[in-house]
Amino acid sequence: MFGNRLLKGVLLVGLGATSYGMLATFVKLAYKENFTTAEVTTSQFVLGILGILIINAFQRFQNKNTAEKASSKNIFHLMLAGTSLGMTSVFYYLCVRYIDVSIAIVLLMQTVWMGVLLEMILDKKLPSSRKIIAVGVVLVGTVLATNLIHNESELDWRGLMWGMLAAASFTTTMFTANRVALGISSAQRSLYMLLGGAVIVFAFAIATQTTPYNWAIFLKWGIVLALFGTIIPPMLLNAGFPLTGIGLGSIVSSLELPVSVVMAYVLLNEKVNPSQWFGISLIIAAIVIMNSNFTKKK
């Protein structure tokens, strides 16, 4: 019985991470059709919110409206936490405008050491030796995975900047999402975080959209981006993590990294050399090192 639950959890988390891994490639393809970052992000959030609203309505009907409802305090805190989700989308999509997807995803994975640093600041305690080793492995893996040593052409500094900002905001999202309004359903939490993120996304769109808005984005890429970015992954990860536990779940969710690189290689013809693959493997190894407690018997 436990084995079946664990396998189900691994599959759910794996599929959720795989969905996230596909996202940047779809954004890059939308850019090739001359859609703007503002159009990409707003279409994703608008359709994502509609999708989550439908899921919430279905759950309320299924539970006969007996599930705990979010208080005004819960809503405020979740929307506030969701602003970092909006910033992550904006920063990450700006990042892939300037650099390859295979490098952008590596920058996003800097959440590994940023999370350790944030945890140290909040807990006012030095990280364990295992986490320090993991951080060192991530940094070495990043140098190799971004091809900094053998790269013949300079990486666009704008892409690097937006990528690191995306990692910082994603780190904030992960910490707040695991601490705010845990008593209500994941669908409600996702909805209010998306609403908070939408405030940032719409403000960005108003400030940067200088050409007439191309509404074709909603049918061409908006549905795909909403499904793979804001609807499918949160639902699968929220369902899978309780079955796998944080340790194993974090390891399985690192599938996002190789999936993103493979998608970029297949659909965008991005070149990935052996040293980059080795760097990617090191980053995944670091995630395993940090979350290896699940192997210890009680």
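What you see is a predicted model, and the numbers here were worked out from it, not measured in a lab.

1. Examining the overall build of the protein chain
Along the backbone of the protein chain there are 11 helices and 0 strands. Secondary structure elements of the protein chain, listed N to C terminal, follow the sequence α-α-α-α-α-α-α-α-α-α-α. Against the compact-globule benchmark of 19 Å for 298 residues, the protein chain has a radius of gyration of 19 Å, which places it among compact chains. Viewed in the frame of its principal axes, the protein chain has a C-alpha envelope of about 60 × 60 × 40 Å. Expressed as a percentage of the 298 residues in the protein chain, the buried residues total 49%. Contacts in the protein chain between residues at least 24 apart in sequence constitute 90% of all its contacts with a sequence separation of at least 6. As presented, the protein chain carries roughly 15100 Å² of accessible surface, and 68% of it is formed by carbon and sulfur atoms.

2. Brief notes about the packing of aromatic side chains
How two aromatic rings sit relative to each other is given by the distance of their centres and the angle of their planes. Taken as a whole, this structure holds 7 aromatic pairs when the rule is applied. Here Tyr92 and Tyr93 contribute two aromatic rings whose centre-to-centre distance is 6.4 Å and whose plane-to-plane angle is 40°, an arrangement assigned as tilted. This pair shows no difference in class: Tyr92 is buried, exactly as Tyr93 is. Each residue in the set Phe26, Trp221 and Phe228 is aromatic and connected to the rest through ring pairs, giving one cluster. Looking at Arg97, its charged tip hangs above the ring of Tyr31, at a distance of 3.9 Å from the centre.

3. Quick look at unusual backbone geometry
One non-glycine residue, Asn34, adopts positive backbone phi at about 70°. Residue position: Asn34 is located in the loop between helix 1 (2-32) and helix 2 (37-62). Take Asn34: its relative accessible area is 67%, and that puts it in the exposed class. At Lys124, a position not held by glycine, the phi torsion is positive, near 50°. With respect to the helices, strands and loops of the structure, Lys124 is situated in the loop between helix 5 (111-123) and helix 6 (129-145).

So, how was this worked out
Residues numbered from 1 in each chain as written. Predicted model: local features only at pLDDT ≥ 70, side-chain atom pairs only at ≥ 80, totals over all residues. Heavy atoms only, no water. Helix = DSSP H or I, 4+ residues; strand = E, 2+ residues; numbered from the N terminus. Rg over C-alpha atoms; globule rule 2.2 N^0.38 Å. Buried < 20%, exposed > 50% of the residue type's maximum accessible area, 1.4 Å probe, protein only. Contact = heavy atoms within 4.5 Å. Areas by Shrake-Rupley, 256 points an atom, 1.4 Å probe, with all protein chains shown as cover. Phe/Tyr/Trp six-rings, centres within 6.5 Å; stacked < 30°, edge-to-face > 60°. Lys NZ or Arg CZ within 6 Å of the ring centre and 35° of its normal.

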